[in-house]
Amino acid sequence: MKGIDFQRLQDDFRGLNLNDPGGWPKAPRIAAYVLILVAVVAAGWFLDWSDQWSELEQKQQEESKLRDSWVNKKRQAVNLDEYKRQLEEINRQFDSLVRQLPGKAEMESLLSDINQAGVGRGLQFDLFQPAKDDIREFYAAVPVTISVTGSYNDLGEFASDVAKMPRIVTIKNMVLTAAPAHSNRGREKASVAYDGRLKLDATAETYRYLDEEELNRQRGGKK
């Protein structure tokens, strides 16, 4: 096998007539064809093919998303009965929670029950003041500011009694301080005695379900 004659190749590329490429030796003609081919491919890539390649990648990504969406929908269709069963169970649980919310007509009785829970434990209510209803999506929160005095154990039992009520009532923003037994105030100083009782300042928040008129007003406000 003969080696490459580099000297001959150099001679072939010398003195080429650019006006007569058909008369060039074989090696320069092959090199010219290769350069033209590379130039055409490069021009095609930058002028057209690169955009087509980007579009192809985008379509492939869209195809992958559509395939995943189809698989998810097929899975949902296969499990449709199970989803319906779960939805029915969620609705039952929701209805159970809603039944724990009193309506407007029951609120007075519920507030009285909270008050009686404290009185029944021997507590003294210094303040029991319902505030304006806080209307939310499908229910209203009814905060009640309370200030009640009694022993530590009685206050704890009162909180436990409230938690056991069939209606939902939460006690929050609690501040516990020593309650003064009496106060003798003179013009220059005051003396306060304590008998071991505590004063609880808190917010008892209960909830009620919105009536039809309030629900319609809520829906109308979202349009």
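Residues numbered from 1 in each chain as written. Predicted model: local features only at pLDDT ≥ 70, side-chain atom pairs only at ≥ 80, totals over all residues. Heavy atoms only, no water.

Caption draft 1: Representation of the side chain of Thr-203 within the structure. Along the polypeptide, Thr-203 turns up in strand 5 (residues 190-209). What Thr-203 contacts, discounting residues up to four positions off in sequence, is Pro-143, Val-144, Thr-170, Ile-171, Lys-172 and Asn-173. (Helix = DSSP H or I, 4+ residues; strand = E, 2+ residues; numbered from the N terminus. Contact = heavy atoms within 4.5 Å.)

Caption draft 2: Spatial organisation of the confidence of the model for the chain. Here the chain averages 79 in pLDDT, and 85% of its residues register 70 or above. The least confident element of the chain, judged by mean pLDDT, is helix 1 (residues 6-13) at 69; the most confident is strand 1 (residues 124-130) at 92. Predicted confidence is poor over residues 183-191, with pLDDT under 50, and the contacts of this stretch with residues over four places away or in other chains come to seven contacts. (pLDDT = per-residue confidence, 0-100.)

Caption draft 3: Broad picture of the pattern of salt bridges. On inspection of all chains with the given rule, the structure shows nine salt bridges. A salt bridge links Glu-82 to Arg-85, with the shortest nitrogen-to-oxygen separation between them at 2.7 Å. Here the residue Glu-82 and the residue Arg-85 both occupy positions in helix 3 (residues 80-99), the gap between them amounting to three residues, near one helical turn. For Arg-85, a relative accessible area of 44% translates into the label partly exposed. Among the salt bridges present, the one from Glu-89 reaches Arg-92, with a minimum N-O distance of 2.5 Å. One end of the pair is Glu-89 and the other is Arg-92, both in helix 3 and three residues apart, which spans about a single turn. (Salt bridge = Lys/Arg side-chain N within 4 Å of Asp/Glu carboxyl O. Buried < 20%, exposed > 50% of the residue type's maximum accessible area, 1.4 Å probe, protein only.)

Caption draft 4: Representation of the packing of aromatic side chains in the model. Applying the stated criterion across every chain yields a total of three aromatic pairs. Ring plane angle 85° and centroid distance 5.6 Å describe the contact between Phe-125 and Phe-128, whose orientation is recorded as edge-to-face. The exposure class of Phe-128 is partly exposed, given its relative accessible area of 24%. (Phe/Tyr/Trp six-rings, centres within 6.5 Å; stacked < 30°, edge-to-face > 60°.)

Caption draft 5: Just the nonpolar core, in detail. Formed by 20 residues in total, the largest nonpolar core has its most connected members in Ile-114, Ile-146, Val-148, Leu-155, Phe-158, Met-165 and Val-169. Contributing elements (two or more residues each) for this core: helix 4 (104-120), strand 3 (139-150), helix 5 (152-163) and strand 5. Take this core: its biggest share by element is five residues, from helix 4. When near neighbours in sequence (up to four residues on either side) are disregarded, Val-148 contacts Leu-123, Gln-124, Phe-125, Leu-155, Leu-198, Lys-199 and Leu-200. (Core = buried A, V, L, I, M, F, W, Y, C linked by side-chain atoms within 4.5 Å.)

Caption draft 6: Structural context of unusual backbone geometry. Here the phi dihedral of Asn-173 falls at roughly 55°; this positive angle occurs in a residue that is not glycine. Within the element layout of this structure, Asn-173 appears in strand 4 (residues 169-185).

Caption draft 7: Region of the structure containing a nonpolar patch on the surface. There is a patch of nonpolar side chains on the surface, built from Trp-45, Phe-46, Leu-47, Trp-53 and Leu-56 and spanning about 610 Å² of accessible area. Using a relative accessible area of 40% as the deciding quantity, one classes Leu-56 as partly exposed. (Patch = residues over 30% accessible without salt bridge, like charges linked within 9 Å, V, L, I, M, F, W, Y side chains within 5 Å. Areas by Shrake-Rupley, 256 points an atom, 1.4 Å probe, with all protein chains shown as cover.)

Caption draft 8: Helix 4, seen in detail. Between the first and last C-alpha of helix 4 there are 25 Å, a value that for 17 residues agrees with the 24 Å anticipated at 1.5 Å per step. Regarding helix 4, the residues found buried are Met-107, Leu-110, Leu-111, Ile-114, Ala-117 and Gly-118. With its buried residues spanning 115° around the axis, helix 4 presents them on a single face. For helix 4, exposure combined with an orientation more than 90 degrees from the buried face picks out Ala-105, Glu-108 and Gly-120. Immediately beyond the C-terminal end of helix 4, within one or two residues, lies Gly-122, with a positive phi of roughly 75°. (Expected span 1.5 Å × (residues − 1). Arc of directions from axis to C-beta.)

Caption draft 9: Local environment of the pairing of strand 3. Strand 3 sits mainly inside the fold: ten of its twelve residues count as buried. Relative to strand 3, strand 1 runs antiparallel, the two being bridged by six bridges. By the bridge assignment, Phe-125 is partnered in strand 3 with Val-148. With two bridges joining them, strand 2 (residues 134-135) and strand 3 adopt antiparallel strand pairing. Its bridge partner being in strand 3, Asp-134 is matched across the sheet by Ala-141. In textbook terms, the turn of a hairpin is the stretch between consecutive antiparallel strands, and for strand 2 and strand 3 this stretch comprises three residues. (Pairing = 2+ DSSP bridges.)

Caption draft 10: Quick peek at the side chain of Thr-149. Along the polypeptide, Thr-149 turns up in strand 3. Side chain to side chain, Thr-149 and Asp-126 meet in a polar contact 2.9 Å long. Apart from the residues lying within four places of it in its own chain, the contact partners of Thr-149 are Leu-123, Gln-124, Asp-126, Ala-179, Arg-197, Leu-198 and Lys-199. (Polar contact = N/O pair within 3.5 Å; in protein donor to acceptor, adjacent residues only side chain to side chain.)

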